[in-house]
Amino acid sequence: MEQNGSILLVDDEDDILEFLGYNLRREGYTVHTAKDGLDAFEKAKEILPQLVILDIMMPRMDGIEACRLMRREPSLSKILIMFLTARSEDYKQIEGLESGADDYINKTVKPAVLLSKVKAMFRRVVNSTDDVNNNRITLGELVIDRERYIIIHRGREIVLPRKEFELLLLLTSKPGKVFSREEIFHIIWGNKVIVGDRTIDVHIRKLRELSGISRIVTVKGVGYKFEL
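Residues numbered from 1 in each chain as written. Predicted model: local features only at pLDDT ≥ 70, side-chain atom pairs only at ≥ 80, totals over all residues. Heavy atoms only, no water.

1. Re the pattern of salt bridges
Under the counting rule described, the total for this entry stands at 18 salt bridges. The closest approach of N and O atoms between arginine 60 and aspartate 36, which form a salt bridge, is 3.2 Å. Within this pair, whereas arginine 60 is found in the loop between strand 3 (51-55) and helix 3 (63-72), its partner aspartate 36 is found in the loop between strand 2 (29-34) and helix 2 (37-47), the two being separated by 24 residues in sequence. We classify arginine 60 as exposed; its relative accessible area is 64%. In this structure aspartate 36 comes out as buried when scored by relative accessible area, which is 10%. The salt bridge partner of arginine 68 is glutamate 65, with a shortest N-O separation of 3.9 Å. Within this pair, arginine 68 and its partner glutamate 65 are both found in helix 3, separated by three residues, close to a single helical turn. Judged by relative accessible area, which is 31%, arginine 68 ranks as partly exposed. Because the salt bridges share partners, they merge into one network encompassing Asp11, Glu13, Asp55 and Lys107. (Salt bridge = Lys/Arg side-chain N within 4 Å of Asp/Glu carboxyl O. Helix = DSSP H or I, 4+ residues; strand = E, 2+ residues; numbered from the N terminus. Buried < 20%, exposed > 50% of the residue type's maximum accessible area, 1.4 Å probe, protein only.)

Rendered as structure tokens:
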């Protein structure tokens, strides 16, 4: 069977690893496994998977701390990370996203739903691939020209202010990923720049108004994402 991508599946329960691993392999994915966060971090550095599916509650090191370590490791900073959790509390999901994860899914999910979500995550990488030769990123009806600092949306050429352009470029770099407010501040303004709490909201509102793009979604209490 043709291989669709490499996945590191991390959970301290053998039956979860076996059940989910079986379904992922049946779809053509190469699946590696680990049983705690520390083992996951070391194995991820070794095999460099395209996607890590991390349980949150694990011995030695939980999934959230493992995710933070991966995001600080240069070789792993851009890989896809999805949390697998039995918890349903909003605060735990938010904490997971703020640690650098791209998405989360409930542990009791049906295999078909998990596979659908995994396929969608892999499509993010494909759909956000840019043409290096002309510095353009194409996402459906939206074209971002990084060299000219303009966008083309539904055939209309739009010039954006620098911060609004940088915000759009960041959000579209990983479609579907929720960027926390802390991430946006760090990437767009930097740690040494002090801005007000509402700064991001003001620039997002201006970006929406100028571009007419409706796929910039607010995730309450967390941050923003760009939906394909």
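2. Looking at the confidence of the model for the protein
In the predicted model, the protein carries a mean pLDDT of 83, and 86% of its residues have values of at least 70. Per-element mean pLDDT across the protein ranges from 62 in helix 4 (residues 90-98) up to 94 in strand 2. Residue range residues 127-133 is modelled with pLDDT below 50. Its contacts to residues more than four positions away, or to other chains, number 12 contacts. (pLDDT = per-residue confidence, 0-100. Contact = heavy atoms within 4.5 Å.)

3. Structural notes on helix 1 (residues 14-26)
The end-to-end C-alpha distance of helix 1 is 18 Å, a good match for the 18 Å that 13 residues give at a rise of 1.5 Å each. Restricting attention to buried positions, one finds in helix 1 the residues Ile16, Leu17, Leu20, Gly21, Asn23 and Leu24. Along the axis of helix 1, the buried residues cluster in a sector spanning 165°; they form a single face. Seen from the buried face of helix 1, the exposed residues on the opposite side, beyond 90 degrees, are Asp14 and Glu18. (Expected span 1.5 Å × (residues − 1). Arc of directions from axis to C-beta.)

4. Side note on the environment of tyrosine 104
With respect to the helices and strands, tyrosine 104 occurs in strand 5 (residues 103-106). We classify tyrosine 104 as partly exposed; its relative accessible area is 28%. Tyrosine 104 sits 21 residues away from phenylalanine 83 along the chain, and the two C-alpha atoms are 4.3 Å apart.

5. Some words on the sheet that holds strand 5
Here five strands make up an open sheet; going across it, the order is 2-1-3-4-5 and the pairing parallel. Strand pairing shows two members of the sheet lacking a second neighbour, strand 2 and strand 5, which therefore form its edges. For this sheet, the mean inter-axis angle between neighbouring strands, taken without regard to orientation, is 20°. The strands touched by helix 1 within the sheet are strand 1 (5-10), strand 2, strand 3 and strand 4 (80-85), with strand 2 carrying the most contacts at an inclination of about 165°. (Pairing = 2+ DSSP bridges. Axes fitted to C-alpha atoms, helices over the stretch in contact; angles between N-to-C directions.)

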